[in-house]
Amino acid sequence: MNANGISPVIAILLTVIVAALTVCLFVTGHPVWGVICALICLDFLADAVLSFKPA
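Conventions used here
- Residues numbered from 1 in each chain as written.
- Predicted model: local features only at pLDDT ≥ 70, side-chain atom pairs only at ≥ 80, totals over all residues.
- Heavy atoms only, no water.
- Helix = DSSP H or I, 4+ residues; strand = E, 2+ residues; numbered from the N terminus.
- Contact = heavy atoms within 4.5 Å.
- Areas by Shrake-Rupley, 256 points an atom, 1.4 Å probe, with all protein chains shown as cover.
- Patch = residues over 30% accessible without salt bridge, like charges linked within 9 Å, V, L, I, M, F, W, Y side chains within 5 Å.
- Salt bridge = Lys/Arg side-chain N within 4 Å of Asp/Glu carboxyl O.
- Buried < 20%, exposed > 50% of the residue type's maximum accessible area, 1.4 Å probe, protein only.
- Disulfide = S-S within 2.5 Å.
- Expected span 1.5 Å × (residues − 1).
- Arc of directions from axis to C-beta.

**What about the overall build of the protein?**
Here is step 1: The number of helices and strands found in the protein is 2 helices and 0 strands.
Here is step 2: Over its C-alpha atoms, taken along the principal directions, the protein stretches across nearly 40 × 15 × 10 Å.
Here is step 3: Considering only contacts in the protein between residues 6 or more positions apart, those separated by 24 or more positions represent 64%.
Here is step 4: For the protein, the exposed area adds up to about 3800 Å²; of that, 82% sits on carbon and sulfur atoms.

**Description of a nonpolar patch on the surface**
Here is step 1: A cluster of nonpolar side chains, namely Phe26, Val35, Leu39, Leu42, Leu45 and Val49, defines an oily patch on the protein surface of about 570 Å² accessible area.
Here is step 2: Relative to the assigned elements, Leu39 resides in helix α2 (residues 31-51).
Here is step 3: Judged by relative accessible area, which is 54%, Leu39 ranks as exposed.

**Some words on the state of the cysteines**
Simply put, disulfide is the name for a covalent bond between the sulfur atoms of two cysteines.
Here is step 1: Taken as a whole and assessed by the stated rule, the structure comprises 0 disulfides.
Here is step 2: Here Cys37 is not disulfide-linked; the sulfur of Cys41 is the nearest cysteine sulfur, at 8.7 Å.
Here is step 3: For Cys41, a relative accessible area of 15% puts it in the buried group.

**A few points about helix α1 (residues 8-27)**
Here is step 1: Along its 20 residues, α1 runs 29 Å from first to last C-alpha, staying within 8% of the 28 Å computed at 1.5 Å per residue.
Here is step 2: Regarding α1, the residues found buried are Ala11, Thr15, Val18, Thr22 and Leu25. All buried residues of α1 project into a common sector of 95 degrees when viewed along the axis, lining one side. Exposed side chains of α1 directed beyond 90 degrees from the buried face belong to Val9, Leu13, Val16, Ile17, Val23 and Val27.
Here is step 3: Where α1 is buried, its residues touch α2.
Here is step 4: In the segment just after α1, Gly29 is the residue with positive phi, at about 90 degrees.

Okay, structure coming up:
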């Protein structure tokens, strides 16, 4: 088990999906939702980093 209890593959996959959604929102002219998704992306990125740390 890792430090945060999530698989590294799932954590990286979620980070990439939300990062793509964030870019899509900024490009289509939705800056408020883009910032919200960017914050969620940072949270998922922290989960991805922590998923590589041993318990």
